[in-house]
Amino acid sequence: MNAPFQARAGLRDPFQAFVCDDATADMLRPVAVEHGWSPEKVNKGGLRNAVQSLSVSASPNILFVDLSESADPLNDINALAEVCEPGTIVIASGQVNDVRLYRDLVASGIHDYLLKPFTVDQLRDTFANAQTVLSGPRGEAQVDKPHIMAAVIGVRGGVGASTIATSLAWLLGEKAHRSTALLDLDIHFGTGALALDLEPGRGLTDAIENPSRIDGLFIERAMVRANERLSVLSAEAPIHQPLITDGSAFFQLQEEMRNAFESTVLDLPRHMLIQFPHMVHDAHVAVVVAELTLAATRDTIRVLAWLKSNAPQTKVIVVANGVPSGGALEINRKDFEQSIERSVDIVIPADGKLAAQAAKLGKPLAEVASGKVGAPFTALSNMVLSHATEEGAASETSAAAASGGAKSLVDNLKSMLAKPKAKAA
Ligand SMILES: Nc1ncnc2c1ncn2[C@@H]1O[C@H](COP(=O)(O)OP(=O)(O)OP(=O)(O)O)[C@@H](O)[C@H]1O
Ligand SMILES: [Mg+2]
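What this report covers is the structure whose coordinates are included nearby. Since the model is a prediction, treat every value here as computed from it, not as a measurement.

Rules and cut-offs
Residues numbered from 1 in each chain as written. Chains lettered and ligands numbered in written order. Predicted model: local features only at pLDDT ≥ 70, side-chain atom pairs only at ≥ 80, totals over all residues. Pairing = 2+ DSSP bridges. Helix = DSSP H or I, 4+ residues; strand = E, 2+ residues; numbered from the N terminus. Axes fitted to C-alpha atoms, helices over the stretch in contact; angles between N-to-C directions. Contact = placed C-beta atoms within 7 Å. Parallel < 35°, antiparallel > 145°, perpendicular 65-115°, else oblique. Nonpolar A, V, L, I, M, F, W, Y, C, P; charged D, E, K, R; others polar. Near = placed C-beta within 6 Å. Buried ≥ 20, exposed ≤ 12 C-beta atoms within 10 Å, placed from the backbone.

As summarised here, the arrangement of the eight strands in space is β8-β9-β7-β10-β6-β11-β12-β13, forming an open sheet in which the pairing is mixed. Edge positions in the sheet fall to β8 (224–227) and β13 (346–349), since each of these pairs with one other strand and no more. Going from strand to strand, the sheet's axes swing by 20° on average, the running direction of each strand aside. Sheet analysis places strand β6 (residues 148–154) next to strand β11 (residues 285–290), joined by five bridges and oriented parallel. Bridged to Val152 within β11 is Val287. Docked against the sheet, helix α16 (residues 371–389) engages β6, β11, β12 (315–323) and β13, running at close to 155° with respect to β13.

Below, the structure is given as structure tokens:
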């Protein structure tokens, strides 16, 4: 609803209301007139009528809905969200005085909730505030903040790449105040929407099936909003349907997201990297997610080498995720760094309890994390921002180069692989 972009603002009605009683209608009409809006845009029928009406017509800039006749306001607001185009500012009113409902409604994208009975001055304040948001900083922000794109790549399955992609996208929105798109390219098994407690919708599937439809308006309609500054495009494609695409849909999605948002985070499964190498060409930063295991060491080496030859302009950040605090490491950090011939930039500790909590709450790990787990996420987000806005080539810190760079990649890995055997002998 109040999403950070407004591609079609010019085509919309400035205002519509759907109320349940005459008293509310009588209060709204003169206030609408004060704003230069037609009093005829105040309709009867409350939320139900709003859903019906918006499913067949364009959404207004400001929408007032009366929830008084709604038995399950939160559920009904979510139904409204499905038909209401992004960019609309929704003001709800109702008789339920419950702070939890208020919070849930705001989390669903409602701009404000007016508890009945409310005064005409409260109504004026709410509309004035909505108009400020509407004409406010969203358009200007794009001028100040050039678009940045980060691709998050897990070197092995299950290393936490999606956890990090979702968290990074959330941090760029919430903490860096950038309107952010999360594009989840794990078409069949993606968790971008699931992790944020959202339904993925058909947007990404439609885009793949029909790339010629992708434009600014398509993006505006297809993306699912997680909060005011984070929107997601993700899919749960049927697993009996193979992915049939030449990749042009992904390329075009990237292009449109660049126009509509201030940052884009790609959750890029490594098999997609092989199939659609162009996906990283325009990324300012590649976040390579690994764990401290032998298999991940081998594949980090391979992914880093791939990036060097296929996207030399993309700056690389290596993240070691899920690092246990005790001594239960398959390979220690120093040996890992020596093998991959560069430093690990960010270490995120293993914290199963926190990961479970985030999953249960449907929130990104970075949102529920603090202290030892929160700090590396903040550092990652800052590093992405600074790398993306820096000029020049990738600033890799090569551990091996610093120590003379004596061994080859293969020699390093061989020596790592030899260690456990030597112990067993
Ligand atoms: N630092 C961490 N501590 C504990 N658990 C974690 C951590 N990071 C991620 N996890 C958990 O690991 C699991 C796998 O994470 P995630 O889905 O992000 O991995 P992935 O690399 O995207 O996997 P896939 O290869 O399937 O795409 C999830 O249950 C997640 O909650
Ligand atoms: Mg994943």
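Turning next to the packing of helix α3 (residues 73–83) against helix α4 (residues 99–107). Two elements in contact, α3 and α4, have axes whose closest approach is 10 Å; the angle formed by their N-to-C orientations is 10°. Taken together, the axes of α3 and α4 are roughly parallel relative to one another. Of α4, the residues touching α3 (which contributes Pro73, Leu74 and Ile77) are Leu101, Asp104 and Leu105. Here the contact of α3 with α4 is composed, by residue class, of five nonpolar, no polar and one charged.

All right, on to the site of ligand 1 then. The local shell around ligand 1 holds 19 residues, among which Gly157, Gly160, Ser162, Thr163 and Ala355 are the closest. Those elements that place two or more of their residues in the shell around ligand 1 are α7 (161–174), β12 and α14 (352–361). Across the shell around ligand 1, the residue classes break down as seven nonpolar, ten polar and two charged.

So, on to the pairing of strand β7 (residues 180–184). Here β7 lies mainly inside the structure; five of its five residues are buried. Across the two faces of β7 the burial is the same, with Thr180, Leu182 and Asp184 and Ala181 and Leu183 all buried. Across four bridges, the pairing between β7 and strand β9 (residues 230–233) is parallel. Looking across to β9, one finds that Leu182 is bridged to Val232. With five bridges connecting them, β7 and strand β10 (residues 263–267) associate as parallel partners. Across the sheet, the residue bridging to Leu183 is Leu266, located in β10.

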